[in-house]
Amino acid sequence: MEFANVLLDKVDNVAILTINRPKALNALNRDTLLDIKAAVEVFRDDPDTAVMIIKGAGDKSFVAGADITYMLNINAMQAREFGLLGQSVFSLIETIEKPVIAAINGFALGGGCELAMACDFRICSDKSKFGQPEVGLGVTPGFGGTQRLPRLVGTGMAKQLLYSADIIEADEALRIGLVNAVVDADTLMDYVMKLAKRIASKGQVSVRLCKVAVNEGMQADINRAMTIEADVFGLCFATTDQKEGMSAFVEKRKALFTGK
Ligand code: CAA
């Protein structure tokens with residue numbers, strides 16, 4: 001399937017979504033958000049792909065934010081609708097029951113940092129830069145930044161970044177827990193692809209149920225969250241992957257999972 005503003009590729013059972021507006025440092029306008037939504041739905045519904053990697057085209061930027069030239073002249077209701085669109089697309093990424101990894105190769109600013117935060121986790125190159133520069137434009141973040149950033153890095157650090165619009169380097173993003181690893185720019189995709197393939201080689205029902213349990217459990221009190229875990233743990237025992245995984249261990253062989 002072809003999209004005007006994104007590329008959707010497949011390497012074995014790993015999907016790669018590339019935000020493809022390098023001349024605008026992959027900034028997100030309405031059409032790009034709609035293309036991301038459509039591509040994520042293709043991935044979600046494709047039984048042959050297990051993990052998605054999201055990256056930016058070119059070697060300079062992941063995504064440099066929502067498109068400022070688009071936002072310049074829109075009115076309050078249009079801005080509200082734009083915010084709701086971005087929020088819904090990023091929530092789709094967060095809630096589809098397959099893992100999504102952000103591979104960040106440069107600027108992840110504003111809506112770009114918000115897109116990365118909607119992914120399950122983030123790996124970045126040593127050339128990456130992060131920030132929520134919105135207050136420097138006279139606005140707040142609008143695609144989930146005021147909510148996901150404090151949940152990831154804590155309220156104090158989130159408020160510092162939100163209020164100051166400071167841009168931080170990759171090593172600082174690692175220190176505050178915004179990314180899981182910083183790797184050399186030349187090896188970023190190789191590193192993330194190997195990680196995606198390791199995930200894709202495991203029992204996919206259980207990987208997906210881990211995502212459900214973490215996402216839903218983090219929104220619940222601890223007692224309810226433990227019940228959610230018990231439920232998904234129990235559900236695994238209705239799968240052939242559980243029989244295969246445990247049999248393979250006992251028989252001292254490699255498990256051959258079917259995702260069923
Ligand atoms: N929107 C639209 N166009 C953008 C853009 C954005 N967010 N970021 C970069 N571009 C465009 C530039 O206008 C420029 O286009 P032209 O060549 O046509 O002039 C092109 O990309 C290259 O950018 P620069 O020349 O500025 O490149 P640089 O290396 O000098 O600077 C940068 C890079 C520091 C990332 C700088 O481009 C920048 O500050 N961009 C804006 C970052 C930002 O403020 N993002 C937040 C947007 S608001 C938001 O995201 C709200 C929300 O939560 C919904």
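Our structure's up above, just so we're on the same page.
To keep things clear, this report deals only with the structure shown in the data block.

Things to note about the pairing of strand S7 (residues 121–125)
Then, number 1: Buried residues dominate S7, accounting for 5 of its 5 residues.
Then, number 2: Burial of the side chains of S7 extends over both faces: Phe-121, Ile-123 and Ser-125 are buried on one face and Arg-122 and Cys-124 on the other.
Then, number 3: Bridge count for strand S5 (residues 100–104) against S7 is 4 bridges, and the pairing is parallel. Pairing of Ala-102 across the sheet is with Arg-122, part of S7.
Then, number 4: In this sheet, strand S10 (residues 181–183) lies alongside S7 in parallel orientation, the contact comprising 3 bridges. When the sheet's bridge partners are listed, Ile-123 is paired in S10 with Ala-181.

Digging into the packing of aromatic side chains
Then, number 1: Tallied over the full model, the rule gives 4 aromatic pairs.
Then, number 2: Linked through ring pairs, Tyr-70, Phe-82, Phe-90 and Phe-143 together constitute an aromatic cluster.
Then, number 3: Over the face of the ring belonging to Phe-43 we find Lys-98, whose NZ or CZ atom lies 4.6 Å from the ring centre.

Observations concerning the nonpolar core
Then, number 1: If you look at the biggest cluster of nonpolar residues, it comprises 47 residues, and the most contacted ones within it are Ile-54 and Phe-130.
Then, number 2: Take this core: its biggest share by element is 6 residues, from helix H3 (residues 76–95).
Then, number 3: Leave out the neighbours within four places in its chain, and Phe-130 touches Ile-104, Ala-108, Leu-109, Cys-113, Cys-124, Asp-166, Ile-167, Ile-168, Ala-170, Ala-173, Leu-178 and Val-179.
Then, number 4: Within the second largest apolar cluster, 19 residues are counted, among which are Val-14, Ala-50, Ile-101 and Ala-103.

Overview of the site of the ligand
Then, number 1: Around the ligand sit 22 residues, and of these Lys-60, Ala-66, Gly-111, Glu-114 and Glu-134 come closest.
Then, number 2: A distance of 2.7 Å is found between an oxygen atom of the ligand and a side-chain nitrogen or oxygen belonging to Lys-60.
Then, number 3: At 2.9 Å from an oxygen atom of the ligand is found a main-chain nitrogen or oxygen belonging to Ala-66.
Then, number 4: When the free accessible area of the ligand is taken as 990 Å², the share hidden by the protein chains comes to 61%.
Then, number 5: Secondary structure elements with two or more residues in the shell around the ligand: helix H2 (68–71), strand S6 (107–109) and helix H4 (111–118).

Regarding H4
Then, number 1: Of all 8 residues in H4, 8 are buried, a share of seventy percent or more.
Then, number 2: Among all positions in H4, only Gly-111, Gly-112, Cys-113, Glu-114, Leu-115, Ala-116, Met-117 and Ala-118 are buried.

Notes on the side chain of Asp-67
Then, number 1: You can see Asp-67 is positioned in the loop between strand S4 (61–63) and H2.
Then, number 2: Engagement of the side chain of Asp-67 in a polar contact is seen with the side chain of Thr-69, the distance being 2.4 Å.
Then, number 3: Discounting residues that sit within four places of it in the chain, Asp-67 has contacts with Arg-21, Ala-27, Leu-28 and Asn-29.

Observations regarding a nonpolar patch on the surface
Then, number 1: Taken together, the side chains of Ile-68, Leu-137 and Val-139 make up a nonpolar region of the molecular surface, amounting to roughly 260 Å² of accessible area.
Then, number 2: The class of Leu-137 is partly exposed, set by a relative accessible area of 48%.

Quick look at the packing of H3 against H4
Then, number 1: Close contact between H3 and H4 brings their axes to 8 Å; oriented N to C, the two are set at 25°. The orientation of H3 with respect to H4, classified from their angle, is roughly parallel. For the pair H3 and H4, the contacting residues are Phe-90, Ile-93 and Glu-94 in the first and Gly-111, Glu-114, Leu-115 and Ala-118 in the second.
Then, number 2: Each residue belonging to the contact of H3 with H4 can be placed in one class, and the counts come to 4 nonpolar, 1 polar and 2 charged.

Side note on the sheet that holds strand S2 (residues 14–19)
Then, number 1: Pairing in this open sheet of 6 strands is mixed, and the strands run S1-S2-S3-S5-S7-S10 from one edge to the other. Taken across any chain shown, the strands that pair with only one partner, and hence form the sheet edges, are strand S1 (6–11) and S10. On average, each strand axis in the sheet is tilted by 25° relative to the strand beside it, whichever way the strands run.
Then, number 2: When strand S3 (residues 51–56) meets S5, the two strands line up parallel, connected through 3 bridges. Residue Met-52 lies in a different strand from S5, and its bridge partner there is Val-100.

Regarding helix H11 (residues 240–250)
An α-helical turn contains 3.6 residues, so a residue and the one three or four places further along point in the same direction.
Then, number 1: When we look at burial in H11, the residues that qualify are Asp-241, Gln-242, Glu-244 and Ala-248. Seen end-on, H11 carries its buried residues on one side only, within an arc spanning 170°.
Then, number 2: Those residues of H11 that are buried are in contact with helix H9 (204–218) and helix H10 (222–236).
Then, number 3: With a side-chain oxygen positioned 3.1 Å from the backbone nitrogen of Gln-242, the residue opening H11 is Thr-239.
Then, number 4: Where H11 terminates, the next one or two residues include Lys-252, which has phi positive at roughly 55°.

Here is what the cut-offs are and how they apply
- Residues numbered from 1 in each chain as written.
- Predicted model: local features only at pLDDT ≥ 70, side-chain atom pairs only at ≥ 80, totals over all residues.
- Heavy atoms only, no water.
- Buried < 20%, exposed > 50% of the residue type's maximum accessible area, 1.4 Å probe, protein only.
- Helix = DSSP H or I, 4+ residues; strand = E, 2+ residues; numbered from the N terminus.
- Pairing = 2+ DSSP bridges.
- Phe/Tyr/Trp six-rings, centres within 6.5 Å; stacked < 30°, edge-to-face > 60°.
- Lys NZ or Arg CZ within 6 Å of the ring centre and 35° of its normal.
- Core = buried A, V, L, I, M, F, W, Y, C linked by side-chain atoms within 4.5 Å.
- Contact = heavy atoms within 4.5 Å.
- Near = heavy atom within 4 Å.
- Polar contact = N/O pair within 3.5 Å; in protein donor to acceptor, adjacent residues only side chain to side chain.
- Areas by Shrake-Rupley, 256 points an atom, 1.4 Å probe, with all protein chains shown as cover.
- Patch = residues over 30% accessible without salt bridge, like charges linked within 9 Å, V, L, I, M, F, W, Y side chains within 5 Å.
- Salt bridge = Lys/Arg side-chain N within 4 Å of Asp/Glu carboxyl O.
- Axes fitted to C-alpha atoms, helices over the stretch in contact; angles between N-to-C directions.
- Parallel < 35°, antiparallel > 145°, perpendicular 65-115°, else oblique.
- Nonpolar A, V, L, I, M, F, W, Y, C, P; charged D, E, K, R; others polar.
- Arc of directions from axis to C-beta.

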